[in-house]
Amino acid sequence: MYYSVLEVTPTDEAWIPHYVQFAAEIVSRHGGKYLANSANHQTLEGEREEPAIRAIIQWPSKQSALDFMSDQDYLPLLKLRTDGSISSHVIVEGKE
């Protein structure tokens, strides 16, 4: 099991409705499941600038996450997100 952890702070919100409309279906197509996607979060330790949104996606495998990121349907959405936000995306191996 793997998890994507995303932190996103929009710099332009015009991309968000289109992204939200299509990204979840592509995540699902690759076996992913949103566990969290919220502006309601809090850093408990460390000092840093808070992102506006944090999301966690569960994947059945690392390859599923990588396949999602290279999906030809997702690439235009990824460009919208990265052009319209300050964001980071890491994958973390989970315990089974």
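One can find the structure itself at the top, above this paragraph.
Rules of the game
Residues numbered from 1 in each chain as written. Predicted model: local features only at pLDDT ≥ 70, side-chain atom pairs only at ≥ 80, totals over all residues. Heavy atoms only, no water. Pairing = 2+ DSSP bridges. Helix = DSSP H or I, 4+ residues; strand = E, 2+ residues; numbered from the N terminus. 1 Å grid on protein atoms, 1.4 Å probe; cavity = no way out; pocket = protein on both sides within 12 Å on 5 of 7 lines; lining within 4 Å. Points joined across faces, edges and corners; volume = space filled by probe spheres on them. Core = buried A, V, L, I, M, F, W, Y, C linked by side-chain atoms within 4.5 Å. Buried < 20%, exposed > 50% of the residue type's maximum accessible area, 1.4 Å probe, protein only. Axes fitted to C-alpha atoms, helices over the stretch in contact; angles between N-to-C directions. Parallel < 35°, antiparallel > 145°, perpendicular 65-115°, else oblique. Left-handed = near helix turned anticlockwise from the far one by under 90°. Contact = heavy atoms within 4.5 Å. Nonpolar A, V, L, I, M, F, W, Y, C, P; charged D, E, K, R; others polar. Polar contact = N/O pair within 3.5 Å; in protein donor to acceptor, adjacent residues only side chain to side chain.

On to the pairing of strand 3 (residues 53-59). Where strand 1 (residues 2-10) meets strand 3, seven bridges bridge the pair, whose relative direction is antiparallel. Across the sheet, S4 pairs through a bridge with I57, a residue of strand 3. Bridging between strand 2 (residues 33-38) and strand 3 involves five bridges; their strand directions are antiparallel. Across the sheet, Y34 pairs through a bridge with I57, a residue of strand 3.

Let's shift gears to the layout of surface pockets. Any space left empty among the atoms is revealed by the rolling of a water-sized probe across them. By volume, the largest pocket amounts to about 250 Å³. Lining the largest pocket are 15 residues, and of these Y19, V20, Y34, N37 and I53 sit closest to its centre. At the level of elements, strand 1, helix 1 (16-29), strand 2 and strand 3 are the ones that each hand at least two residues to the lining of the largest pocket. At five residues, the largest contribution of residues to the lining of the largest pocket is made by helix 1.

Grouped together as the largest cluster of nonpolar side chains are 16 residues, with contacts concentrated most on Y19, W59, F68, Y74 and L77. Of all the secondary-structure elements, those providing two or more residues to this core are strand 1, helix 1, strand 3, helix 2 (62-70) and helix 3 (75-83). Here this core takes four residues from helix 1, the largest share from any one element.

Turning our eyes to something else, we now look at the packing of helix 1 against helix 3. In contact at an axis separation of 10 Å, helix 1 and helix 3 are set at 135° when each is read in the N-to-C sense. By the angle between their directions, the pair helix 1 and helix 3 is classed as oblique. As helix 1 runs across helix 3, the sense of the crossing is left-handed. Residues H18, Y19, F22, A23 and I26 of helix 1 touch helix 3, and the partners they reach there are L77, L80 and R81. Taken together, the residues of the contact of helix 1 with helix 3 break down into six nonpolar, one polar and one charged.

With respect to the helices and strands, E7 occurs in strand 1. A polar contact is formed between the side chain of E7 and the side chain of R54, at a distance of 2.9 Å. Beyond its immediate chain neighbours, meaning those up to four positions away, E7 contacts R48, P51, I53, R54, I86, S87 and S88.

Purely spatial values, then, with no claim about function.
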